[in-house]
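Residue-level structure breakdown
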Amino acid sequence: MRSVLKTLLFACVALFTFSGCNYHILNEEIDMEVIYIDAKRSGWQVYGKEGDEGCYQFQEFYFPEISSDVMLSGAVLVYMIDESGRDNILPLVLPYDDGRESVIETIRYDYEEDYLTLLIEASDFMAYLPKRDIRFKVCILN
């Protein structure tokens with residue numbers, strides 16, 4: 001019995017030793033810039049036709065901080081700051097009552113060099129104007 005346990009223990013150690021993941025550290029130092037932006041209630045634009053699949057609202061922001069270096073080896077993280085001051089990482093899925101039915105609203109983002117776009121998409125593909133300006137925290141890691 002003891003030799004069976006030793007054999008199993010040796011097999012487990014060998015398995016974890018020789019089948020581990022390999023990774024390469026690109027940069028040991030992380031430089032992070034945090035920028036707060038306000039998506040104004042009146043600034044949302046509608047893409048597509050309300051009620052048709054693919055309709056959503058968006059706001060685009062010029063972000064020179066999102067450089068080609070960030071695109072190549074960095075990252076962009078965006079948080080929506082709720083009314084209580086808590087950071088909620090995007091994408092964020094929220095229930096919404098439009099007065100007729102329950103709707104699921106997804107708040108997400110997209111970015112490319114020099115630009116960040118915030119998007120709100122409802123499950124019924126209608127454009128519900130937010131009731132207030134929304135504050136976002138943008139973290140750019142380089």
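If you're wondering where the values come from, they're calculated on a predicted model, not measured in any experiment. (Residues numbered from 1 in each chain as written. Predicted model: local features only at pLDDT ≥ 70, side-chain atom pairs only at ≥ 80, totals over all residues. Heavy atoms only, no water.)

1. Overview of the overall build of the protein
The helix and strand tally for the protein stands at two helices and nine strands. Seen in sequence order, the protein has helices and strands lined up from the N terminus as α-β-β-β-α-β-β-β-β-β-β. Expressed as a percentage of its 142 residues, the buried residues of the protein come to 30%. Put simply, 64% of the contacts in the protein that link residues at least 6 apart link residues at least 24 apart. Carbon and sulfur atoms form 54% of the exposed surface of the protein, whose accessible area is close to 10,000 Å². (Helix = DSSP H or I, 4+ residues; strand = E, 2+ residues; numbered from the N terminus. Buried < 20%, exposed > 50% of the residue type's maximum accessible area, 1.4 Å probe, protein only. Contact = heavy atoms within 4.5 Å. Areas by Shrake-Rupley, 256 points an atom, 1.4 Å probe, with all protein chains shown as cover.)

2. A word on the sheet that holds strand E6 (residues 92-97)
Pairing within the open sheet is antiparallel, and its five strands lie in the order E2-E3-E8-E7-E6. The sheet is open, and its two borders are formed by strand E2 (45-47) and E6, each paired with just one other strand. Strand-to-strand twist in this sheet, taken as the mean axis angle between neighbours without regard to direction, amounts to 30°. When strand E7 (residues 102-112) meets strand E8 (residues 115-122), the two strands line up antiparallel, connected through eight bridges. Paired with Glu112 across the strands is Tyr115, a residue of E8. (Pairing = 2+ DSSP bridges. Axes fitted to C-alpha atoms, helices over the stretch in contact; angles between N-to-C directions.)

3. A look at the environment of Ile37
Tracing the sequence through the fold places Ile37 in strand E1 (residues 32-39). Here Ile37 falls in the buried class, since its relative accessible area comes to 10%. Not counting residues up to four positions away in its chain, the partners in contact with Ile37 are Phe61, Phe63, Leu116, Leu118, Ile134, Arg135, Phe136 and Val138.

4. Considerations on the side chain of Asp82
Here Asp82 is to be found in the loop between strand E4 (75-81) and strand E5 (87-89). Residue Asp82 is classed as buried on the basis of its relative accessible area, which comes to 16%. Separated by 2.9 Å, the side chain of Asp82 and the backbone nitrogen of Arg86 make a polar contact. For Asp82, the side chain forms a polar contact with the side chain of Asn88, separated by 3.3 Å. (Polar contact = N/O pair within 3.5 Å; in protein donor to acceptor, adjacent residues only side chain to side chain.)

5. Thoughts on the sheet that holds E4
Read across the sheet, four strands follow the order E1-E9-E4-E5 without closing on themselves; strand pairing throughout is antiparallel. At either margin of the open sheet sits one strand with a lone partner, and together these are E1 and E5. Mean inter-strand twist for the sheet, computed between neighbouring axes without regard to direction, equals 30°. In this structure, E4 lies alongside E5, joined through three bridges in antiparallel fashion. Considered in E5, the bridge of Met80 is made with Asn88.

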